[in-house]
Structure formats: C-alpha cells, structure tokens
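# Fold and geometry: a report
The lines below spell out each chain.
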Amino acid sequence: MKKEDTVKLISAEGFEFVVDKKAAMVSQTIRNMLTSPGGFAETQLGEVTFPEISTPILEKICQYFYWSLQYASGKETEFHIEPEITLELMMAANYLHT
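Summary of the structure given here. None of the values given here were measured: they were computed from a predicted structure. (Residues numbered from 1 in each chain as written. Predicted model: local features only at pLDDT ≥ 70, side-chain atom pairs only at ≥ 80, totals over all residues. Heavy atoms only, no water.)

### Quick notes on the overall build of the chain
Across its full length, the chain holds 5 helices and 3 strands. The C-alpha radius of gyration of the chain comes to 13 Å, within 12% of the 13 Å expected for a compact globule of 98 residues. Here the C-alpha coordinates of the chain stretch approximately 40 × 30 × 20 Å along the principal axes. The buried share of the chain, taken over its 98 residues, is 34%. Of the contacts formed within the chain by residues at least 6 apart in sequence, a portion of 60% connects residues at least 24 apart. Of the charged side chains in the chain, 8 are positive and 14 negative, and the gap between their average positions amounts to 10 Å. (Helix = DSSP H or I, 4+ residues; strand = E, 2+ residues; numbered from the N terminus. Rg over C-alpha atoms; globule rule 2.2 N^0.38 Å. Buried < 20%, exposed > 50% of the residue type's maximum accessible area, 1.4 Å probe, protein only. Contact = heavy atoms within 4.5 Å. Lys, Arg positive; Asp, Glu negative; His and termini not counted. Charge placed at Lys NZ, Arg CZ, Asp CG, Glu CD.)

The structure is reproduced here in structure tokens:
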C-alpha cells in the first residue's frame, strides 16, 4: 500500500493508527482536513492529531471506519460497543461527524 493511500491518526497519548485513506474519509471532519485547499499540515503530511481523543476511543473509531465501509458494500454485521466507552465514543463521533 502506498503512503498516499493511507492516513495516520494520532491519539491524545501519541499512539499512531495508520488506516486506509478511504476508510478515514468516512469521517466528514477528517475528509475536510485532508482535502481542504490551502496547504494545511494535515493535507501535506497525511496525518491528523486528535489531542482530545484517547487511544482506546480512537482505536474503536478506526474499527468503525472499516465496519462502515463493509456495511456500505452490503455486508451487514453488528458493530459492538462496550457500554463503558459509549459516552466518550459518542462525543468523539459527534466531533468527527461519523
């Protein structure tokens, strides 16, 4: 996979998730960050830092991106969310417009 086909998402703790750009584009916020004209660092570097999103939450969000692509292609499976992370996950999802 080519570097330009991936994007690096960085959690508040500095953990890096390298995901397919197509999967990351599930998020309207990330899509805007990566495709906006004007030479933004996110566009140039292909990485986005989320200082307010913890590693476990960002990991679950990355899992959701891939699940969403599968669901859109007709593969209907359940996406399990642990009850103890629901509130924090909803707040992150709201920010990311997913």
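On we go.
### Digging into the environment of T49
Mapped onto the secondary structure, T49 falls in strand β3 (residues 47-49). Overall, T49 belongs to the partly exposed group, its relative accessible area being 47%. A C-alpha to C-alpha distance of 22 Å links T49 and W67, two positions 18 residues apart in sequence.

### Quick word on the side chain of S27
Take S27: it is sitting in the loop between α1 (21-24) and α2 (28-35). There is a polar contact of 3.3 Å between the side chain of S27 and the backbone nitrogen of T29. Contacts of S27, omitting those with residues within four sequence positions, involve F65, L96, H97 and T98. (Polar contact = N/O pair within 3.5 Å; in protein donor to acceptor, adjacent residues only side chain to side chain.)

### Notes on the packing of aromatic side chains
Aromatic ring pairs: the centre-centre distance and the angle between the two ring planes describe each pair. On inspection of all chains with the given rule, the structure shows 6 aromatic pairs. With a centroid separation of 6.4 Å and an interplanar angle of 85 degrees, the aromatic rings of F50 and Y95 are classed as edge-to-face. Here F50, found in the loop between β3 and α4 (55-72), pairs with Y95, found in helix α5 (residues 86-96); they are 45 residues apart in sequence, far enough to count as distant. Under the relative-accessibility criterion, Y95 is labelled partly exposed at 44%. Both rings, one in W67 and one in F79, keep their centres 5.6 Å apart while their planes meet at 45 degrees; by these two values the pair is tilted. Here F79 lies in the loop between α4 and α5 and W67 lies in helix α4, a separation of 12 residues in the sequence. Look at W67 and you get buried, because its relative accessible area is 17%. (Phe/Tyr/Trp six-rings, centres within 6.5 Å; stacked < 30°, edge-to-face > 60°.)

### Some remarks on the sheet that holds strand β2 (residues 16-20)
Within the open sheet, the 3 strands sit side by side as β2-β1-β3. Their pairing is mixed. The strands lining the two open edges of the sheet, one partner per strand, are β2 and β3. Across this sheet, the average inter-strand angle for adjacent strands is 20 degrees, counted without regard to direction. The sheet contact formed by strand β1 (residues 6-10) and β2 spans 5 bridges and is antiparallel. Bridge pairing in β2 links I10 to E16. Contacting β1 and β2, α4 runs over the sheet at an angle of about 5 degrees to β2. (Pairing = 2+ DSSP bridges. Axes fitted to C-alpha atoms, helices over the stretch in contact; angles between N-to-C directions.)

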